[in-house]
Amino acid sequence: MKKFLSIALALVMSLSLLTACGSKNQTPAETPAETPVEESTPVKIGFIFLHDENSTYDLNFMNGAKEAIAAMGLSDDQYVMRTNIPEGQECYDAACELVDAGCNIVFADSFGHEDYMIQAAKEFPEVQFCHATGTKAHTEGLSNYHNAFASIYEGRFLAGVAAGMKLNEMIEAGQFSADEAKMGYVGAFTYAEVISGYTSFYLGAKSVCPTVTMDVTFTGSWYDETAEKEGANKLISNGCKLISQHADSMGAPTACETAGVPDVSYNGSTISACPNTFIVSSRINWAPYFQFIMECVAEGKEIPADWTGTIETGSVVLTDVNEAVAAEGTVAKMDEVKAGLQNGSIKVFDATTFTVGGEALSSYMADVDTDAAYTPDTEAIVDGAFHESEMRSAPYFDLQIDGINLLDTSF
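Parameters at a glance
- Residues numbered from 1 in each chain as written.
- Predicted model: local features only at pLDDT ≥ 70, side-chain atom pairs only at ≥ 80, totals over all residues.
- Heavy atoms only, no water.
- Pairing = 2+ DSSP bridges.
- Helix = DSSP H or I, 4+ residues; strand = E, 2+ residues; numbered from the N terminus.
- Axes fitted to C-alpha atoms, helices over the stretch in contact; angles between N-to-C directions.
- Contact = heavy atoms within 4.5 Å.
- Left-handed = near helix turned anticlockwise from the far one by under 90°.
- Nonpolar A, V, L, I, M, F, W, Y, C, P; charged D, E, K, R; others polar.
- Core = buried A, V, L, I, M, F, W, Y, C linked by side-chain atoms within 4.5 Å.
- Buried < 20%, exposed > 50% of the residue type's maximum accessible area, 1.4 Å probe, protein only.

Asks: Residue-level account of the sheet that holds strand β11 (residues 306-309), with values.
Replies: Here six strands make up an open sheet; going across it, the order is β2-β1-β3-β4-β5-β11 and the pairing parallel. In the strand order of this sheet, the two ends are held by β2 (79-82) and β11, each with one partner. Along the sheet, successive strands turn relative to each other by an average axial angle of 20°, direction set aside. Bridge count between strand β3 (residues 105-108) and strand β4 (residues 128-132): four bridges; the pairing is parallel. Along β4, the bridge assignment pairs Ile-105 with Gln-128. Against the sheet, helix α10 (residues 287-299) contacts β1 (45-48), β3, β4, β5 (145-150) and β11, and its axis sits at roughly 160° relative to β3.

Asks: Please set out the side chain of Thr-270 residue by residue, giving values where relevant.
Replies: Mapped onto the secondary structure, Thr-270 falls in the loop between β9 (263-266) and β10 (278-284). Discounting chain neighbours no more than four positions away, the residues touching Thr-270 are Met-250, Pro-253, Asp-263, Ser-265 and Phe-278.

Asks: So what about the packing of helix α6 (residues 152-172) against helix α11 (residues 330-343)? Which residues, and what values?
Replies: Following both chains from N to C, one finds α6 and α11 inclined at 150°, their axes separated by 10 Å at the closest point. As α6 packs across α11, the resulting crossing turns out to be right-handed. Residues Glu-154, Phe-157, Leu-158, Val-161, Ala-162 and Met-165 of α6 lie in contact with α11, whose contacting residues are Thr-330, Lys-333, Met-334, Val-337, Lys-338 and Leu-341. Class assignment for the residues of the contact of α6 with α11 results in eight nonpolar, one polar and three charged.

Asks: Quick one: what's the story with the nonpolar core, residue by residue and with numbers?
Replies: Core analysis: the largest hydrophobic core is formed by 55 residues, its most contacted members being Leu-167, Met-183, Tyr-198, Phe-201, Met-214 and Phe-386. When residues of this core are traced back to their parent elements, those giving at least two are α6, β6 (182-187), α7 (192-206), β7 (213-218), β10 and α11. Of the residues forming this core, the biggest block, 10 residues, is contributed by α6. The contacts of Met-183, once residues within four sequence positions are left out, are Ala-163, Leu-167, Phe-201, Tyr-202, Ala-205, Val-212, Thr-213, Met-214, Asp-215, Cys-240 and Leu-242. Membership of the second largest hydrophobic core comes to 33 residues, among which are Leu-74, Phe-107, Ala-148 and Ile-293.

Structural measurements only, silent on function.
Here it is as structure tokens:
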């Protein structure tokens, strides 16, 4: 009897094991172990910067790169930084050198680098080429070429709110009348990126100081400390009561500190050099994007052709407000407006808040699919607002709205 029971039990156990294996031809010894987790691809990233750390623009990218590198735990031999690379054939050469050095990601930070990055991307399809401020990734159709930017117009709008609050304080103090509330802005070029930036800054100020106007001058360079200082001084001599900028040196902020004129800088705080005039600064935090593209390569995931960072992704940030200079209540007002931007109740380019040639706009065809003639091709005003950096990451707002006076458009 015991022998019969033992045989029966053995049969039951054998049947159970066969069922668990999923095939009558597979023995328990052949049952596969758990599928091993695939090892991630080693990352080596190369950076191409237009200038060096003396440029606030490039320094901001460098700081973002270092933050992402630390977060990813990369060693010193897993990244290379190349500085002072012009917007010419030198960019292509630098990209090729980085590929030869073993980089499987190459990033460039300036608009004029784009065509040379595309040239390199076509030559090295196994390497991912990522480029800030460019416009062509979504039309080139290359699986290894990508553009990135951020909704910095929201940060500039918030900085503009701080500027408008300061103007109101000076008006209330009797320093000038409401109709003399004029700001100045030092821009680099008449590109959409610059236009989008100074317009969003102006609209932020106008949202709290309705009588504000703004003069804009251009330098024809992303980084020219002398020209930027001269531009700021020209604006101040023209009666501008507050200055901001889209240029990359300390030229404008130091001119403001010398003249005692309030300043809203860009790409980082200038409080140490300009403690008596600095109010606040907005900037793009590039660390989230750098970490994202490194994780994509490590995990074998696709990098989007266009990537737009936001306040929510931590890509649009502002410095602490210098409350020794800013108007009382500035921080609370900026927090209120930031909440409105995040919940959608406030739109930076709300078409009811500006006019062009005295006319309100209900439609505007923007140049999104950039061609040599910059042909307008995409409706940008939807539901009563201009939708910036949504059809592609790089800005395409190029409207010249009322209240902003351009002093020189030769650049």
